[in-house]
Amino acid sequence: MKRFTFSALVCLLGGILLLLLSYSVTDARNVRKETIVLKPTAPMQDFERRQRVHRVGNVYFCVSNWGFFGSATRDYYESLGGCFNPRPDDEYQPAPSFEMPPGSELEYLFWGGLWIGAIVESLGVVETLVTVGCDGWFWIHEFAPPPGEAGYIREMSTRPSASCYNDSAVSEQDIISVIQDTADAPLTFQQMDPWDNRKHRPLGIEILQKSYSWSYAYASDFIMLDYVIKNINPVKTINNMWIALYIDADVGHMDENPYALEQGAQDDIAGFLKTYTTPKGVLDVQSAWIADNDGQPDQGVFTAKSATGVSGVRVIKAPEDVGTYFNWYISNAEGHPNDWGPWRESSMVKWKEIKAYGGLDRFPAKVLGTPGGDISKYFIMSNIEWDYDQIYAGQDYTAEGWLPPSPKGIDLADGFDTRYVFSFGPFPTFGPGDSIMFTIAYIGGEDLHVDPNNRSNLPGNPDKYMENLHFEDFATNSLWAKWIYERGFKGPPPPDPPELEFEADVGRVKIKWNGRVSEESIDDFTDVKDFEGYNIYMSTTKSVQEFMLLGSFDREDNYQIYKKNLLKEDHPWEWIEGSITLDSLQSVCDTPFVGNDPPVWTLNNPYAYQGHDSLFFVGAWYSIYEYDTTEAGIDSFKVDKRDTLYIIAPDDTLYFTEQSYNLGFDDIIVYPEYRDSVDVLVDSLAEEGYDRDSVFQAILDRDVYNDTLSLYYAYEFEATDLLPSQVYYFAVTTFDFGYPFIDVEPLESGILVNATLVYPLESAKEVVEKGLDVVVAPNPWKISETENYIRMGWQDGDGPFDERITFFNLPAKCTIRIYTLDGDLVKEIIHDKDESDGGATVESWNMVSKNTQKIVSGIYLFSVESADGRMQVDKFVVIR
């Protein structure tokens, strides 16, 4: 296999670029996505174009500071640095586009971007101008960040443990950037859209883009993007402006050929979901969506490589007095009739009146799909059209005012290279200094496809096909995105997860943490301490779905209450409260009506209250809820907090379940005797009239270790029988007892919040004390063993920049130097870790030299010089 140096590769690609630019328009359409060759991460004329990935939730989502999101399905790299970047020093790390779930290699977005169009008059000439963050054919990026530090991407986080923690942060990962469309903004290598036959003409606007993400279960499947668009031209008024989101998904697994028939880009379907009916009612969704047409089953069975989910856009907040519109189309290099989208007859009349591009009755290239050129893009943004879903493309809707379907409509209906434009406007006048604010959510939903054979219903039975799609997760996520926006980008959080420390030895790892913050913090959504327990996880990769549960520990004798709602026609059972202690249940009006074992009252053997008076739970909080319902469906909710938990009326029927496992914390408490003594002391002082919580907090403040950590909340858990040659990730999550008043099950913090790479080897201190020799693994490194390296966790993938060798038994602080046999320095690595770090004795290298070249087969020497001057020298072998 031939390997190119980076500089040779750039020269080669530059030659290809010159060749492509000499193509005719038709040739350019034929090469489409194959033409991308440049991955800008370095400054361009002092404009730092960058990409950053949201990595805290159940989706990994790439945003940029040049007008688009997504990464062209990993053709763009994540820029250096980053608060949550796992490899901040790796400039060749492909950026996930919209990967769901993380580590799955399932991508649901090629890219999406802003389109902003307007009618502009300058020097007596009226022009239609559109600025695009990206488009589907010509790889045009017409936005750029301002020069210097003003254009840099900034990150903030609400997590106190994050390096970018800031008390003004909105979410667990805020990514903030400024984007401009000005005369001095540099374009990428394609300097013009050939349909307009001119270079880009800017609108003179600036965009503040803020994107937010969370790890909480109800918010982990979407990213919120908040925009402020400002006219920064001091004299020019922009007229009849429209704003649109352009989306091209190309759904599939990274192993798929994106250009093969019925794979990748060639089998997507799109539509718009206004409402969705669930057992809880009709949800008001109002979201555009795009998905694979069948979830890509393998021989009739869904596998880990099946893209069964869906993604889409919801405009959460748009300026008042503007309309929103949805248009989809299919781009195809063969042109008409495959390059097609729905048109109303009235739209065609308007298009002919414009007489654009020579007065054609179609878009450039004689198609009814891809809008080539600024005039076509503006037209599709502003046509005030709401397209029917793609699965109905084979149907004839001429009686309803639509043009006839494409002659290939039957083929188009069951999946093709589909894109959509979700637009809103118009804004009649947009003067100097004026601003427009809007918020969108890019949303994922899992398990859209549950029937591997559902595609057989297309194109003949689209209604049945639609009926078999399960939008519940997507619709619920869309509704949550709206709710979170309405609460100022806030929702119910799980308890704060603890910070972790580790003690490692050969074959074992001890996980240590302090739980005071997790267990004593007050939920700002309910104003109560809602901590319930801890889950401990382990994985050999950092892929969320690969983590296995090692143990769960939670409060004892806590129960959930379910009540039959007699006010509803079908008398459903409803969860009305969680984390109720046995004492609370037994003390209702001094009547132990549930006995000593509440779960004996089950769904099939419920407790039926036969008293004459209503019973009251005393001394607890209760939050009631009601949904605001519009004609479209459930739209938002209201919360009202009261002091009484619940009323049990005559003839009410209840049953009870354990809140979680009710296992307690005895097996992980570090100082059990001390903890018992504190409990006894607090009880006795409370009986004497002292305030229980004040006494308890005073004891926690007094009895500490490591200066601040409470002895009472010291925990540890040991994982044993580990392979010393295997890498492991450990995480400790927290969970609460849920929110019955908005029907939210117990929330668990994200696994990746504190997931930490730990090697079951001697600690840094022991390495020095024992004088252990540095070891390199794998040695020899063989390209033929890549699959085994991935399985062992030594590499993340099989790409050329995923390759790794790892140095073990390093001092916490040392310098690694790698040489050829001729003595030429290949790479110098500064290893600087704290001794308490779980990876203090380990350093990985991607086998890229100081000259950004992949190293070739051969024998290499290395030296390790520790801070005290100790030197070790050895060798390793690379076989390609």
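Residues numbered from 1 in each chain as written. Predicted model: local features only at pLDDT ≥ 70, side-chain atom pairs only at ≥ 80, totals over all residues. Heavy atoms only, no water.

## What to know about the overall build of the protein
- Each helix and strand in the protein was counted, giving 13 helices and 46 strands.
- The contacts in the protein between residues at least 6 apart in sequence include a share of 70% that link residues at least 24 apart.
- For the protein, the computed accessible surface area is about 37400 Å², with 50% contributed by carbon and sulfur atoms. (Helix = DSSP H or I, 4+ residues; strand = E, 2+ residues; numbered from the N terminus. Contact = heavy atoms within 4.5 Å. Areas by Shrake-Rupley, 256 points an atom, 1.4 Å probe, with all protein chains shown as cover.)

## Description of helix H3 (residues 345-354)
- Within H3 the residues assigned to the buried category are Ser347, Met348 and Trp351. Taken end-on, H3 shows its buried residues confined to a sector of 100°, consistent with a single buried face.
- In this fold, the buried residues of H3 make contact with helix H4 (374-382).
- A positive backbone phi angle near 55° is found at Lys355, which sits one or two residues after H3. (Buried < 20%, exposed > 50% of the residue type's maximum accessible area, 1.4 Å probe, protein only. Arc of directions from axis to C-beta.)

## Remarks on the pattern of salt bridges
- Applying the stated rule across the entire model yields 32 salt bridges.
- The salt bridge involving Glu105 is made with Arg74; its shortest N-O contact spans 3.0 Å. With Glu105 in the loop between strand E4 (98-99) and strand E5 (106-107) and Arg74 in the loop between strand E3 (68-69) and E4, this residue pair connects regions lying 31 residues apart in the sequence.
- With a closest N to O distance of 3.9 Å, Asp135 and Lys377 form a salt bridge. (Salt bridge = Lys/Arg side-chain N within 4 Å of Asp/Glu carboxyl O.)

## Observations regarding the sheet that holds strand E39 (residues 775-777)
- The three strands lie next to each other as E39-E41-E44, forming an open sheet whose pairing is antiparallel. Both edges of this open sheet fall to E39 and strand E44 (843-845), since each of them pairs with a single strand only. Averaged over neighbouring strand pairs, the angle between their axes works out to 25° when direction is ignored.
- Examined bridge by bridge, strand E41 (residues 805-808) and E44 share three bridges and lie antiparallel to one another. Note that in E44 the partner of Thr806 across the bridge is Ser844. (Pairing = 2+ DSSP bridges. Axes fitted to C-alpha atoms, helices over the stretch in contact; angles between N-to-C directions.)

## Here's the deal with the side chain of His831
- Note on placement: His831 falls in strand E43 (residues 825-832).
- A distance of 3.4 Å separates a polar atom in the side chain of His831 from the backbone oxygen of Pro811.
- Polar contacts involving the side chain of His831 include one to the main-chain carbonyl oxygen of Ala840, which spans 2.6 Å.
- The contacts of His831, once residues within four sequence positions are left out, are Leu810, Pro811, Ala812, Lys813, Cys814, Gly839, Ala840, Thr841, Val842 and Glu843. (Polar contact = N/O pair within 3.5 Å; in protein donor to acceptor, adjacent residues only side chain to side chain.)

## As for the packing of helix H10 (residues 672-687) against helix H11 (residues 692-702)
- For the pair H10 and H11, interaxial distance at closest approach is 9 Å and the crossing angle is 145°. With respect to the hand of their crossing, H10 and H11 are arranged in right-handed fashion. For the pair H10 and H11, contact is made by Tyr674, Val678, Leu681, Val682, Asp683, Leu685 and Ala686 and by Arg692, Val695, Phe696 and Ile699, respectively.
- Grouping the constituent residues of the contact of H10 with H11 by class yields nine nonpolar, no polar and two charged. (Left-handed = near helix turned anticlockwise from the far one by under 90°. Nonpolar A, V, L, I, M, F, W, Y, C, P; charged D, E, K, R; others polar.)

## As for the side chain of Asp221
- Within the secondary structure, Asp221 sits in the loop between strand E12 (205-213) and strand E13 (222-231).
- One buried charged residue, Asp221, forms no salt bridge at all, with the nearest opposite charge on Arg159 at 13 Å.
- Separated by 3.3 Å, the side chains of Asp221 and Asn477 make a polar contact.
- Each residue touching Asp221, except ones within four places of it in the same chain, is listed here: Asn58, Val59, Phe98, Tyr442, Ile443, Gly444, Asp473 and Asn477. (Lys, Arg positive; Asp, Glu negative; His and termini not counted.)

## Comments concerning empty space enclosed by the protein
- Per the counting criterion, the structure on display carries four cavities of 30 Å³ or more.
- Computed from the structure, the largest cavity encloses a volume of approximately 80 Å³.
- Lining the largest cavity we find 14 residues, and of these Asn327, Pro342, Trp343, Ile380 and Asn383 sit closest to its centre.
- Within the residue set of the lining of the largest cavity, elements represented by two or more residues are strand E19 (323-330) and H4. (1 Å grid on protein atoms, 1.4 Å probe; cavity = no way out; pocket = protein on both sides within 12 Å on 5 of 7 lines; lining within 4 Å. Points joined across faces, edges and corners; volume = space filled by probe spheres on them.)

## Observations concerning the state of the cysteines
- Counting across every chain of the model gives one disulfide.
- With a sulfur-sulfur separation of 2.2 Å, Cys83 is cross-linked through a disulfide to Cys164. Taking the sign of the S-S torsion, -90° for the link of Cys83 and Cys164, the bridge is left-handed. With a gap of 81 residues between them, Cys83 in the loop between E3 and E4 and Cys164 in the loop between strand E8 (154-156) and strand E9 (173-181) connect regions that are remote in the sequence. In this pair, the class of Cys83 matches that of Cys164, namely buried. (Disulfide = S-S within 2.5 Å.)

## Details of the nonpolar core
- Counting 105 residues, the largest nonpolar core has Phe69 and Tyr420 as its most contacted members.
- A total of seven residues in this core trace back to one element, the largest contributor, which is helix H7 (residues 472-486).
- Once residues within four sequence positions are removed from consideration, Phe69 is found in contact with Phe61, Cys62, Val63, Leu109, Trp111, Gly112, Gly113, Leu225, Tyr227, Leu245, Ile247 and Tyr442.
- Counting residues in each nonpolar core, the second largest holds 31 residues, with Tyr534, Ile668, Ile669 and Tyr674 among its members. (Core = buried A, V, L, I, M, F, W, Y, C linked by side-chain atoms within 4.5 Å.)

## Some details on H4
- A large share of H4 lies buried, amounting to eight of its nine residues.
- All of the buried residues in H4 are Asp374, Ser376, Lys377, Tyr378, Phe379, Ile380, Met381 and Ser382.

## Let's talk about the sheet that holds strand E45 (residues 858-866)
- On the basis of which strands lie adjacent, the open sheet formed by five strands has the order E40-E46-E45-E42-E43 and mixed pairing. In the strand order of this sheet, the two ends are held by strand E40 (781-782) and E43, each with one partner.
- Two elements, strand E42 (residues 813-820) and E43, share seven bridges in a ladder whose sense is antiparallel. Bridge pairing links Tyr819 to Leu825 in E43.

## Some remarks on the pairing of strand E24 (residues 531-539)
- Burial runs high along E24: nine of the nine residues are buried.
- Pairing geometry for E24 and strand E37 (residues 728-736), over eight bridges, is antiparallel. Looking across to E37, one finds that Met538 is bridged to Phe730.
- For E24 and strand E25 (residues 548-554), the ladder comprises six bridges, and the chain directions are antiparallel.

## Observations regarding the packing of H3 against H4
- Packing of H3 against H4 brings their axes to within 12 Å, and their N-to-C directions diverge by 150°. Taken together, H3 and H4 sit at an angle that is classed as roughly antiparallel. Crossing of H3 over H4 shows right-handed handedness. Contacts between H3 and H4 involve Ser347, Lys350, Trp351 and Ile354 from the former and Ile375, Ser376 and Phe379 from the latter.
- Its residues assigned to classes, the contact of H3 with H4 shows four nonpolar, two polar and one charged. (Parallel < 35°, antiparallel > 145°, perpendicular 65-115°, else oblique.)

## Looking at the pairing of strand E33 (residues 653-658)
- In this structure, strand E26 (residues 558-564) lies alongside E33, joined through five bridges in antiparallel fashion. Bridge assignment links Tyr562 to a residue of E33, and that residue is Tyr655.

## Observations concerning the packing of aromatic side chains
- Within this structure, the stated rule accounts for 61 aromatic pairs.
- Where Phe110 meets Trp111, the ring centres are 5.2 Å apart and the plane angle is 65°; that geometry is what we call edge-to-face. For the pair Phe110 and Trp111, a shared accessibility class is recorded, and that class is buried.
- Relative to Tyr789, the ring of Trp781 has its centre 6.1 Å away and its plane inclined at 35°; by these criteria the two rings are tilted. For the pair Trp781 and Tyr789, a shared accessibility class is recorded, and that class is buried.
- Among the aromatic side chains, those forming a connected cluster through ring pairs are Trp66, Phe68, Tyr76, Phe110 and Trp111. (Phe/Tyr/Trp six-rings, centres within 6.5 Å; stacked < 30°, edge-to-face > 60°.)

## Remarks on a nonpolar patch on the surface
- A cluster of nonpolar residues, Leu549, Tyr661 and Leu663, forms a patch on the protein surface that exposes about 310 Å² of accessible area.
- Note that Leu663 resides in the loop between E33 and H10. (Patch = residues over 30% accessible without salt bridge, like charges linked within 9 Å, V, L, I, M, F, W, Y side chains within 5 Å.)

## What about a negative patch on the surface?
- A contiguous patch of negative charge on the surface is contributed by Glu556, Asp557, Asp583, Asp597, Glu658, Asp666, Asp667, Glu673, Asp676 and Asp679.
- Top contributing element to the negative patch by residue count: H10, with three residues.
- Here Glu673 shows up in helix H10.
- Taking relative accessible area as the criterion, Glu673 reaches 71% and is therefore assigned exposed. (Charge placed at Lys NZ, Arg CZ, Asp CG, Glu CD.)

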